[in-house]
Each structure stands twice: as structure tokens, then as C-alpha cells.
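Reading the structure
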Amino acid sequence: MGGQRRKKRHFSRIHAFSCGKASFKGEHSLIGGPGFSRIVYCNEAERGEGSLVSYYGDNYVSTTKYTVATFLPKSLFEQFRRVANFYFLVCAILSFFPVSPYSSVSNVVPLVVVVAATMGKEALEDWRRKKQDIDMNNRKVKVHQGEGVFDYSKWKDLKVGDIVKVEKDEFFPADLILLSSSYDDAICYVETTNLDGETNLKVKQALEETSKLQEDSSFQNFKAIIKCEDPNANLYSFVGNLELEEQLYPLAPQQLLLRDSKLRNTEFIYGLVIFTGHDTKVMQNSTEPPSKRSTVEKRMDKIIYFLFFVLFFISFIGSIFFGIATREDLENGVMKRWYLRPDDTTIYFNPKKAPVAAMLQFLTALMLYSYLIPISLYVSIEIVKVLQSIFINQDLHMYYEETDQPAHARTSNLNEELGQVDTILSDKTGTLTCNSMEFIKCSIAGIAYGQGVTEVERALARRKGVPIFQELTEYDNVPQTSDAKSSIKGFNFMDERIMNGNWINEPHADVIQNFLRLLAVCHTAIPEVDEETGKVSYEAESPDEAAFVVAARELGFEFYERTQTTISLREFNPKSGKTAERSYKLLNILEFSSTRKRMSVIIRDEEGKLLLFSKGADSVMFERLARDGREFIEKTKQHIDEYADAGLRTLILAYRELDEEEYNLFNKEFMEAKNLVSADREQIVEEISEKIEKDLILIGATAVEDKLQNGVPECIDKLAQAGIKLWILTGDKMETAINIGFACSLLRQGMKQITISSDTPEAKSLEKVEDKSTAAAAIKASVLHQLKKGNELFAKSDEHSEALALIIDGKSLTYALEDDVKDLFLELAVGCASVICCRSSPKQKALVTRLVKIKTCSTTLAIGDGANDVGMLQEADIGIGISGVEGMQAAMSSDIAIAQFRFLERLLLVHGHWCYRRISTMICYFFYKNIAFGFTLFFYEIYASFSGQAAYNDWFLSLYNVFFTSLPVIALGVFDQDVSARLCLKFPLLYQEGVQNVLFSWKRILGWAFNGVLSATIIFFFCIKAMEDQAFRKGGEVADLEVLGATMYTCVVWVVNCQMALSISYFTYLQHLFIWGGILFWYIFLLVYGTMDPSLSTTAYKVLIEECAPAPSYWLITLLVLVASLLPYFAYASIQMRFCPMFHQMIQWIRNDGQTSDPEYVNIVRQRSIKHTTVGFTARFEASHSSGSLKSAQV
């Protein structure tokens, strides 16, 4: 086993911590009290019912909405919490009693079909989630089985107290206490991107007392007891102690390995399971999968409530009139309507008990007018949404070939919500970026090198209409190189002047040599040599460092070995023209921190020179330059400004030579400070470091691209033009988040940045105060003051002011989200064009999302790729998971999974717009056709003295929504397009129709309802007046109830289907088939049903063959009623289209006139898409263009 392991090294000197330096002061004194009661027995043999292991539970994790036991009650509750379904359930029960105006079978069957279909869809979707859970729970890990033997076991079978062996590039299956690793000093490297979004590796270290357990056999007799905190959601803290051989040792976050983080650059670790399953910190940060309902569906419920009010109202009015008429049927023994035999009747028509008859008639009317409420609406919407989801899943424009991943709509409940998104809350790492940095440009000795083109530069060049090669360099004589994408990860640098050893011919070759040597030496990266190919790869604590050492290697300075005290390079020797091996003695590392904003190393070269190499942010490096070290400062500043405009991250490189006396004095103080055990140790180390990081000589600057995913700037720009706001919520550092903001054009030069940070000297001094409550109150007051200043700045701005950007860190966000501050924070955030929240915990991401969703009452969409984003995805109205390289936790908890951020553009602007428009039009049409049908029943009830007599046959009533009018509306919901996908993307402001809810406003809904009442009025009164007194058949017979019902029903079927044909913008063969086929099917049904036995066909017996079809008036009435009913809608639509066109109608005009390629005409419409305060590269171009015009005007 030892032979398989790589050479062990002591790397603790590289990092600023010592083995097991936690103390028992502070929170450790709480162990055993409330909140700190967990006791874990390592290698526990007893696993009985009463043991703590059994009490703590297993490692099974579930993200499903239902279980086998809860599916039936929960899904039934979901169905019958819909008021319409509950109403139909009551009607189905009442249909078994004599008050029913129709048979029970015709009423119960449609309800059962509707509810069963919806429950089946829910079960199918949850089963898919279950399968994903099964895949995760059945992953394998090596577990100690006893006697020093480790064997594979499933994740779900892990118990608290188990000892596991996790190998390189595996995920941790539970929360573990690190016992030992493949390194002698028991360190390991952990990637936590799945938890906090950071790509840099974290270094963890076990206690010295367990660090020697490096073989499987070492655990044969290992016993220990851990007492620690109870399960909680805090990712960054841990308090506990380890009892080993009757000695207590304190445990800190340094020993905690969290579930879903990954072991990197370490062959293996041994860990003790401390929290399992839903007790793990990542699961504590997640919430129950919520039942999400779209805004449209919620408004649909309100419409149904309104229709219920109408239904109850007309039933109540009808029952009063019925009661009065029934009472007057028999007065003083005189029968008014003698043909009804009121003297010999049932209780339902008894004049002597008129109030009772009126109440019973009220129940009858409630059931009869139920056709105002569309029973098939919900199931039709479910069918449409499932079919829409299939189209989303099969859209090749959202298929990512590299990973073979299509889009995946995991739930179809929220399709139309995709067309109404007002605010997007996005994670950064792995969502906007590819989790990789690329060295792309540099400035050395005041000369700019590198011809690589960034995403931002490409976007700006396209916007300006300038060929990209004109943007590459300011030097006309620079040889052009291939624009082919570099195949080396982290290196996208192209410049023949310094590649392939050509740098020796440059004017400042000695400076270039120092630049490349600094890149190869000033870092904490660890090389890994592939034994087969001999190729060197690097594991670094940050992606920047990895990019720098790769760049140094590619430019001739290959870092290939690190020991505890040396760094070895293969350098290009300019004198010999060959590569030579050189070794540098590594004396000290002055580490990077967010306050220092720089990193330095002190080395001794082979000639004995003492050198300090330093790299850091320009804000701290320029002030540390010596007077004679500023030779290239002006040119370098110019270059880093250009790099920042191109969205690149820049660092300044400088060095100095040290004399022995100065170094020895520094080293003595530095080592003493590092060995201190006190609260202000870090500050003392920083102060001593500052003493030597001075009088530096400027070498140059680096520019790396935090590589955005393909198409991110274009996507953000298009979303911004559509009026959608984008917030970034990231666990990353503020500097990193700001650079990404510039890279994807959420931030730009000139934009006013409101930065609210707790990382200030004042805040740091407050944190050292012993009275924590006083310190917290002071920091909160500081945050409140900064928010008020920001709001004052926002209040002073107007439409001509430059856009504002809000940047806030995690600690400040904690106070900003408190009840008495959050309204002020939200007011400022909503007023800003860009919002970036840094160092956000998963809980904070979810809280910010909830705040925006509830307080703004607008639709929110959250998008992320890691387990740290799950709470945010579930809290938002729509959760989009990126199914990328960081595991599947986010994708499994999302509503829709996509492979790349850029697919969001098509998902929202195309599918979102289409789905919103289709569902909105579909619902409006549903209510229209049911109101048109229901009011013909009501008008007939008036005609029949509210007697409860239905105008139509029972099965005519039941099949109206199911067969004769349902398929066309489903086809509309699936296929209709107001404009094509290309035009949806060309005119992004079209999306605002959904955000402003134009197509499902109360005005539009009531307009369709009025159209339904108008159609019903025309149909009923036209038919009744045309048929009441006229001979209908050749023999001179007038029409009876059966003929009137069949004629009216025929008119209704024709009118509502032709109304559908007028409403459709995009015809397909299926729509033609369903519309005209629905009408034809009515005639076929009437023919077949009418030939059945009279006991089955009842009032429809031979009504078409013998009565309607032979009568010319039947066909003439149908034609005249059809024209009269559609004329009002046709007239209104023509006037509205001509004088008050909606945005999609304007685009239809352009399309129909063939002017979609006319730049001038199109630009008039597109100008409505561009707002001054928006973000994106369009806005960046507009801002720079306007500022350039202003400068030229001033000149």
C-alpha cells in the first residue's frame, strides 16, 4: 500500500497553521450543554435499537416530494385544494340524489379522469426524483468492517461512528472528522465548490495524535469518543473534542470534511463519520421541496372564484324566482299553470312548500350551471404543460454536446412562469464561469503582450461592428498568430514576441526573465508528474495560481518539483539557448489575504542572492514601489485599465533584493509571530510582513480571464434588454465577484459602485471587543449608515445619471437582512442596475431570494450549480439547476436543469414567452367557451321559469369540454406562436408582455368573459326567435326541446371552434385537424348516439337523422348565428390591431410586410428594448459611446 502512495511531504510550512492548535477556551467550554450534546463512539461494535447510532439515523438522503405512504393523501390534497376540483367533488356526490339535473355516471366519470391524470403526472415526476436519489444513495465508499479490513459499502448504509477511507477525486459521503491522510503531516486538499462556490482548494489538517494512522490495519483496535455540537446549518464553524486514550484534544473546522465536497491532490484520507443524512451541514442548508404554483395559476383561481360568485348569484336569483312562481301556481285552489298539475306533485314543485322547493332548486341550479366552471381546464393545462416540457427537453438549441446534456424540465408546473421573470438571482462559480482561469495578456517593462480576445472584447467588437482583429493590439508591426483556441487549460496566450524563447530578443529581456521566474516561484501550487508521459500538472489553492504556473511553463520556466524548503524549475537559459534545471531555496511565504491583497515569497537563488518576489492588487502594490522602481508605472497603469475594460483580472508583479542583515532581523520577528497563540496573531504577522514588502521594483502586470461560459455576456445583455434584472449571489471573495461583474458587463467603468463591506479596519477592531453584542450593534449601525448613504445617492440620481451598482459582503448582508433593515436594503438594491452579494452562505442566498420574491411581488428565478444553491433554488418562484461538473445536487433540487447559463436566454425569451402566451390565451379561451355554453343554459332556465330543466342531453353536457372543444385548445397551448424564435431573440422587449402580465390582465380576462356572454346571448336568442313559432319540418311541425337543444349545441360548437381559429397566430396541420375535426366529430357523435336505443340516447334519439338534417332552417340558422357571433370579435380585433397594436402585433406587422431585414424599420422597434440604466455590453457600448461624444464635445 505504501508503495502505491506518492512521496510524502511535510507541507505545513507552506501554510499558516500548525497541527491541532485549537484550544479549549471559548465555545469548547459549552460541550455537553444545550446544542452541544452529540456523542460519537468510533468503531462502535454494538448497533442495537437503543444505541446512539440507531438514534442518530442512517445516511439516506431524499429530495422527493412524496413517499409511498404520503402520496395518496398529499396528492389528493393538492388536487382538491383547487377550488374547482373541490366543487366538482361536491357536485359528483350530489349527482346521486334526486336534486341532480343529470345522471351520476355522466358527472363522476369526467372528475375521476381529470384527477387521476393529474395525480399520475405528479407520481411520474416524483419517481424521476426518486431515481436520482437512488443513484446518489447507492454510491460506494470504503468502510472499516472490523479487524483492520476496509470494504466498499453504499453511502446510505453509513452510520455515525463509522471510519471511512475516501480516495482522490471522490466526494465525501457524510460529514467527517479527518483522522489522517496520505501525507505525513495529515493535511489534505478539499474542493468545496459544491458548498460555497469557491474553486480554490482548502487545506485541512488532522490532529497530530491521529496523523500516524496511515494504514488500514492501524484501525483494528482504534477507539475514541467525540463530543461535539448538534447538527446545524453553519458551514464555517465546528466545536468538539476528541477523547483518545483518556486525553482530550480540541476539534475545530480545520478537521471537518463536509459532505459533497471533494478530495483533491491527496491519494486518500481516513475519516470518522460525525453527521449523516439530513443531519449533514449541506442538507441542513436545504429546505423541503416546496409546492410551487405559477402566478397565472393563482390568478386563474381568482377567476374561478369570480365564476363561482356568478354561479351562486344566478342560482340564488333563479331559486327566488322559481319559489315565487311555484307559490303562485296554486292560489286559493286555483291552478295558474294547470298543465304542471301543482295540486299533485313532488316536494320539488310543491306550491305549499315553495321555500323548500326554492332551496332544492338552488342545489339543482348549482349543479346545472357547473358548466360555467371548466372541469377539464386543469387536466388540459397539465397535458399542455407536459407537452411544452417535452419541447423544452428536445430543443437542440439547449443541448450541450460536450457533456451530452439536453435541457430537462423536472417539473412542468411553472412553464408559463418562465415568461414572467422580473429578477434573476444567480450563483457565480460554475454558473456564469467555467471554474477555470486563462492567462491571456501581460504587460512587461511597459510593453503589452498577448493577442488573445476575451468574451467581453468579442461582444464589444460585434456591437461596434468592428472586425475583431482590429481590436487585438495597438502595434501594427506585431506578427499575427492563429486565432485557434488554445488546447492548454489555463493558457490562452498568443504572442510570438515572447513565445518559443523569442523573449531574449526583446528590449528588456532581463525584466521578462524576472517576470517569468516570479510566476514560476511565487505561489503555493503543488506539481504532479504523470509517470507515463512525464507531463507536469498543478494543483493550486486558487485558479489564478494554476494559470500563472502553467503560463510560466509554456513560456519556458517550468516548475516541476517542490520540497519542504526548495522549488525546482527548468529554465530557458538565454546564454546557452538551452533549458537548464535551477533550484531556489524557499525561505518564507507571506500569504495572500483579502486585507493584504498580495502574496510574497522570499527565496535564495543558486548564486546566493536573497530575493523577495511579490504579486498583488494595483491598489496595494503601486504604493510599495521604490522611487527608482517606477520606471514603467505610467504605461503599466494604462495597460491594466485596458485589461479591466476587457473584463480581465489583473495583478501587479514586483521584486526587490534583500541584504542578509535585514532578512535575518525580519525572519526572527516573523517566526516568533507565527508561533504566537493569541487572537491577534494574524494581525501581528501582517504588520511584520509589511515591513519587508517595501521599496519594490515594478516588473509588470498579468491579466487572466476568469473564463466565462460561452455566450454568458451575450445572454446577460439580451436578458437586460428584455428588462430582466440580474443579481449575483456568490460565496466567493468580493474582488473575484467584482471582476466577474466586469467580465460579464454587469459592472462597467464609470458605473457608481456602492460597496457595503465589514472588511474595514473599524469593523475588524470592533470584532476584537469582548462584548460581542456591543460589537454586533456597532457593525449593524455601520451597515445601516452605508445603506442610508446609498439610498441618498440613489434619490439624487435621475434618468440621465450613470447606473448604480450595489456590492455587499456576507457579514454586512447578515445585518441587512434583519427585520428592521431589510426594507431599506431592498429599496436600495431594487434601485440599482446591478447587485452583487459576496461571501453569501447558502442560507443567506435563500433569504435574499425570499425577500425579493415577497417584497417586490414579482417573479424570481434562481440559477445555480452547487449544493450551496439548493435553498435559493427552492425558495425562488423558479429554480434552474446547472447540470455541470459540480455534482447533481442543484440539478436534482431544481425545477428545470440546463447545462449552460447561455441557454437561459432561449429558455426565457423563447420558451418562456411562448408558454406564457399559450397558457394565458388558453385559459382566457377556456373561460370564454364555458361562459358561452353556460349562459345558454342560464338563458334557457329563464325561458323555462328556472325549473331546472336542462336545454341539452346529459352526455351533450358531459362531453362538451372533453371532446368537442378540448383538443383545439390543447393544440393552441402546445403549438401556437405569435412570433418565431428568431424574432423573440431579435426583439427581447417582447418578453415584457409576460413580466407586465399584459396577456392575462383583468382587462383581457373580462374582455373574453364579455365575449362569451355576448356569444351566448346571440346564440340563444337567435335560435329561440328563429325556431319558436316557425314550422321546422316539412310536415309543418314546430321545433321541440330536443331540436332546440341540438340546434343551439351545434351553434355553440361551431362558434367556439371558429373563435379559436380566429385567435390562433400559427396554424399547423394538427390545429386544422382538431378544430374542424372537433366540429365533424359532433355530427358523427350525434348521428351514432342518436341511433342507439332510446333508453341510452334519451332526448337525442334520431334527432339528427329524422329532424335536424332534413330541415334547411337548421343549417341556415347555424350559418347566420356563426357569422353574427364572430362579427363583434372580428371588428374589435381589426380596430385594435390598426390603432393600438401590442408589441407582438407590431413585430407581426414587420414580419408580414417582409421588413424584418430592413435595419431602419427594425431599429425603430428595437429602440424600445434599450434602457439607459440597464447592464450588459450593449449598455457598456452606449455608455462609452455617450461619454466619448461628451469628451469630444468638450474638446
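Residues numbered from 1 in each chain as written. Predicted model: local features only at pLDDT ≥ 70, side-chain atom pairs only at ≥ 80, totals over all residues. Heavy atoms only, no water.

The name an unreviewed UniProt entry gives the chain is Phospholipid-transporting ATPase, with Cajanus cajan as the organism. Reading the Function (unreviewed entry) entry of the UniProt record for the chain gives the comment "Involved in transport of phospholipids." According to its UniProt record, the chain has this under Subcellular location (unreviewed entry): "Membrane". (UniProt positions renumbered as here; feature names shortened; annotations may be inferred.)

Another aspect to go through is the overall build of the chain. Helix and strand counts for the chain stand at 39 helices and 35 strands. Counting every position in the chain, which comprises 1195 residues, the buried fraction comes to 57%. Contacts in the chain between residues at least 24 apart in sequence constitute 75% of all its contacts with a sequence separation of at least 6. Accessible area for the chain stands at about 49700 Å²; split by element, carbon and sulfur atoms hold 56% of it. (Helix = DSSP H or I, 4+ residues; strand = E, 2+ residues; numbered from the N terminus. Buried < 20%, exposed > 50% of the residue type's maximum accessible area, 1.4 Å probe, protein only. Contact = heavy atoms within 4.5 Å. Areas by Shrake-Rupley, 256 points an atom, 1.4 Å probe, with all protein chains shown as cover.)

The next subject is the nonpolar core. One finds Tyr952 and Trp1082 to be the most contacted residues of the largest nonpolar core, which totals 113 residues. When residues of this core are assigned to their parent elements, the largest contribution, 17 residues, is made by helix 26 (residues 903-943). If we skip the residues at most four places from it in the chain, tryptophan 1082 touches Phe956, Phe964, Ala1046, Tyr1049, Thr1050, Val1053 and Tyr1114. In terms of nonpolar packing, the next biggest core, distinct from the first, is built from 78 residues, Phe491, Ala552, Leu555 and Ile567 among them. (Core = buried A, V, L, I, M, F, W, Y, C linked by side-chain atoms within 4.5 Å.)

Let us now look at the pairing of strand 9 (residues 240-244). Burial of strand 9 is extensive: four of the five residues sit out of reach of the surface. Of the strand pairs in this sheet, strand 9 and strand 10 (residues 247-251) are connected by five bridges, and their pairing is antiparallel. The partner of glutamate 243 across the bridge, within strand 10, is leucine 248. Hairpin remark: strand 9 followed by strand 10, antiparallel, with two residues in the connecting loop; positive phi at glutamate 245, about 50°. (Pairing = 2+ DSSP bridges.)

An ideal rise of 1.5 Å per residue puts 26 Å on 18 residues; helix 9 (residues 376-393) measures up with 25 Å between its terminal C-alpha atoms. All of the buried residues in helix 9 are Ser376, Leu377, Tyr378, Val379, Ser380, Ile381, Glu382, Val384, Lys385, Gln388, Ser389 and Ile392. (Expected span 1.5 Å × (residues − 1).)

On to the sheet that holds strand 8 (residues 225-228). Taken together, four strands build an open sheet; the order of strands is 1-8-9-10 and the sheet is antiparallel. What marks the edges here is a single partner per strand, and that holds for strand 1 (38-41) and strand 10. Going across the sheet, the axis of each strand differs from the next one's by a mean of 20°, ignoring polarity. Across four bridges, strand 8 lies against strand 9 in antiparallel orientation. (Axes fitted to C-alpha atoms, helices over the stretch in contact; angles between N-to-C directions.)

Before going further, it helps to examine the sheet that holds strand 3 (residues 149-154). Within the open sheet, the six strands sit side by side as 3-2-4-13-5-11. Their pairing is antiparallel. Single-partner strands in this sheet number two, and they are strand 3 and strand 11 (256-257). With six bridges joining them, strand 5 (residues 175-181) and strand 13 (residues 268-275) adopt antiparallel strand pairing. Note that in strand 13 the partner of aspartate 175 across the bridge is phenylalanine 275.

With 41 residues, helix 26 should reach 60 Å at 1.5 Å per residue; the first-to-last C-alpha distance of 58 Å fits that figure. The largest bend in helix 26 comes to about 35°, at glycine 912. With 39 of 41 residues buried, helix 26 is to be regarded as a mostly interior element. A positive phi of about 60° marks serine 945, the residue just after helix 26. (Bend = angle between axes of the 7 residues up to and from the residue.)

On to the packing of helix 27 (residues 954-964) against helix 32 (residues 1041-1063), then. It is at 12 Å that the axes of helix 27 and helix 32 come closest, and there the two elements cross at 20°. Accordingly, the angle class assigned to the pair helix 27 and helix 32 is roughly parallel. Regarding helix 27 and helix 32, the two cross each other, and that crossing is right-handed. Contacts between helix 27 and helix 32 pair Phe956, Leu959, Tyr960 and Phe964 from the former with Tyr1049, Val1052, Val1053, Val1056 and Asn1057 from the latter. A per-class count over the contact of helix 27 with helix 32 returns eight nonpolar, one polar and no charged. (Parallel < 35°, antiparallel > 145°, perpendicular 65-115°, else oblique. Left-handed = near helix turned anticlockwise from the far one by under 90°. Nonpolar A, V, L, I, M, F, W, Y, C, P; charged D, E, K, R; others polar.)

Going through the model one piece at a time under the given rule, you end up with six cavities of 30 Å³ or more. Approximately 140 Å³ is the volume attributed to the second largest cavity. In terms of lining residues, the second largest cavity is bounded by 13 residues, among which Glu78, Arg82, Glu122, Glu297 and Asn413 are the most central. Every element with two or more residues in the lining of the second largest cavity is listed here: helix 2 (68-80) and helix 4 (104-137). Looking at the lining of the second largest cavity, its residues break down into no nonpolar, four polar and nine charged. (1 Å grid on protein atoms, 1.4 Å probe; cavity = no way out; pocket = protein on both sides within 12 Å on 5 of 7 lines; lining within 4 Å. Points joined across faces, edges and corners; volume = space filled by probe spheres on them.)

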